[in-house]
Amino acid sequence: MTKIFLYMGTKDPDYRSLMREQSDLRLNGSLIPASSLVICDQTHSDLVHICKEEDSGAGLGDHPQIPVVDGLITNIVGQYLLIRTADCFPVMFYDEKRMVVAGVHSGRESTRKNIVGNCVEAMKTHYGSDPGDIVAYIGAGVCEDHYEVSEEIFQEFNQSLVDQGFSPCTQRYRHLNIRTTIFQQLIRAGLRFINIENNHECTFENHDYFSYRRDKGNNRQINIIGIAHE
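As a starting point, this report considers the structure included with it.

Criteria and cut-off values
Starting from 1, residues in each chain are numbered consecutively following that chain's sequence as written. Only residues with pLDDT of 70 or above have their local features reported here, since the model is predicted, and side-chain atom pairs are shown and tallied only from 80 upward, although totals for entire chains, interfaces and linings are computed over all residues. Processing note: side-chain calculations cover all non-hydrogen atoms of the structure and skip hydrogens and water entirely. For helices the rule is a DSSP run of H or I covering at least 4 residues; for strands it is a run of E covering at least 2, with both sets numbered from the N terminus onward. For a compact globule the rule gives 2.2 Å times the number of residues to the power 0.38, and the radius of gyration it is set against comes from C-alpha atoms. Note on classification: 1.4 Å probe, protein chains only; a residue is buried when its accessible area is under 20% of the maximum for its type, exposed when over 50%, partly exposed between these limits. By the convention used here, residues are in contact when the closest approach between their heavy atoms is within 4.5 Å. The accessible surface values rely on the Shrake-Rupley method and a 1.4 Å probe; as for residues, cover is taken only from the protein chains in view. The positive count covers Lys and Arg only, the negative count covers Asp and Glu only, and His and the chain ends enter neither. Positions of charges follow a simple convention, taking NZ of Lys, CZ of Arg, CG of Asp or CD of Glu. Only strands joined by at least two bridges in the DSSP assignment are considered to pair. Whenever a helix is involved, its axis is fitted only over the stretch in contact; in every case the axis is a line through C-alpha atoms, and angles between N-to-C directions fall within 0 to 180 degrees. Salt bridges are identified by distance alone: a Lys or Arg side-chain nitrogen within 4 Å of an Asp or Glu carboxyl oxygen. Under this definition, polar contacts are N or O atom pairs within 3.5 Å; protein pairs additionally need one hydrogen-donor-capable and one acceptor-capable atom, and for neighbouring residues in sequence, both atoms have to be side-chain atoms.

When helices and strands are counted, the protein shows six helices and twelve strands. Computed over the C-alpha atoms, the radius of gyration of the protein is 17 Å, within 12% of the 17 Å expected from 2.2 N^0.38 for a compact globule of 230 residues. Expressed along its principal axes, the backbone C-alpha trace of the protein runs to roughly 50 × 40 × 30 Å. With 230 residues in all, the protein has 54% of them scored as buried. Excluding contacts between residues fewer than 6 apart, the proportion of contacts in the protein whose partners are at least 24 apart in sequence is 69%. Taken as a whole, the protein presents about 10,200 Å² of accessible surface, with 47% of it coming from carbon and sulfur. In the protein, 22 positive and 31 negative side-chain charges are present, and the distance between their average locations comes to 2 Å.

With mixed pairing, six strands are arranged side by side in an open sheet as β5-β6-β9-β8-β10-β11. In this open sheet, the two strands that pair with only one neighbour each are β5 (48-50) and β11 (196-198). Within this sheet the neighbouring strands show an average axis-to-axis angle of 15°, counted without direction. Two elements, strand β6 (residues 71-74) and strand β9 (residues 100-106), share four bridges in a ladder whose sense is antiparallel.

This part covers the pattern of salt bridges. Following the criterion strictly, the structure yields nine salt bridges and no others. Close ionic contact of Asp-133 with Lys-97 constitutes a salt bridge, the shortest N to O distance being 3.6 Å. Pair noted here: Asp-133 is in the loop between α3 (115-127) and β10 (135-138) and Lys-97 is in the loop between β8 (89-95) and β9, with a separation of 36 residues, a long-range link. Overall, the relative accessible area of 67% leaves Lys-97 in the exposed class. Residues Arg-214 and Asp-215 are paired through a salt bridge, measuring 2.9 Å at the closest nitrogen-oxygen approach. What makes Arg-214 buried here is its relative accessible area of 18%. Connected via shared salt-bridge partners are Arg-108, Glu-109 and Arg-112.

Taken together, the four strands give an open sheet; going across it, the order is β1-β12-β7-β4, and neighbouring strands pair in mixed fashion. In this open sheet, the two edge strands, each paired with only one partner strand, are β1 (2-8) and β4 (37-39). Strand-to-strand twist in this sheet, taken as the mean axis angle between neighbours without regard to direction, amounts to 20°. Of the strand pairs in this sheet, strand β7 (residues 80-85) and strand β12 (residues 221-229) are connected by six bridges, and their pairing is antiparallel. Counted as the bridge partner of Thr-85 is Gln-221 from β12.

If you trace the backbone, Asn-206 turns up in the loop between β11 and α6 (212-215). By relative accessible area, Asn-206 is classed as buried at 17%. For Asn-206, the side chain forms a polar contact with the main-chain nitrogen of Asp-208, separated by 2.9 Å. Every residue in contact with Asn-206, bar those within four places of it in the chain, is listed here: Glu-201 and Arg-214.

Below, the discussion takes up the pairing of β10. Relative to β10, β8 is paired through four bridges, and the arrangement is antiparallel. Across the sheet, residue Val-91 finds its bridge partner in β10, namely Ile-138. The pairing of β10 with β11 spans three bridges and is parallel. The partner of Ala-136 across the bridge, within β11, is Ile-196.

This paragraph deals with unusual backbone geometry. A cis geometry characterises the amide bond from Asp-12 onward to Pro-13, with omega recorded as 5°. By the secondary structure assignment, Pro-13 is in the loop between β1 and α1 (15-21). The phi dihedral of Arg-174 is positive, around 65°, even though this residue is not glycine. Note on placement: Arg-174 falls in the loop between α4 (151-163) and α5 (178-188). With relative accessibility at 27%, the residue Arg-174 sits in the partly exposed group.

Shown next, in the form of structure tokens:
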């Protein structure tokens, strides 16, 4: 028997400690071997990678991260996908009917490019997932109040949404609402409203989370999803 494992992180354990110690993780009462993790570059792209057995351990030791992409998908039992964030939004997906899981890093650029829509499409194409069966968890990220950008970025972001047929979600001039944009994209991709879970914590406001905008640091919380042996 198998089950979905999902962990949405805070500051402890943190990404830099994982990189330094290269040790297994005990999360939610489960032991996650470091050798089973898959970590990607997270380059603010809209690209997702279909994982293979040999991708386990990517990003640890001398095994390079999966290059370029910001999203990972797997149906391999015992493989765990890690998304690191500090203001950007982790979005984790699972389809229990097809036993497929995915994780994406949806920051400003990846959101503008609709990485979550691309991820759902890849789950459909490669594994036959019905979007109505997919559950998505949108983790903690920076809220609109604390995400002010330049005029150029503000206009580019909103025009990109309009060009894709989405409605800009901001309520404040030069502020971006990434969470609501992601929600809109998930609905467009075919997910059901009741299958979208939100952690409404703002990483800038809540000091239990790393926030690049607040601290300018290089550490990140880790978010992990996988298919575990029951």
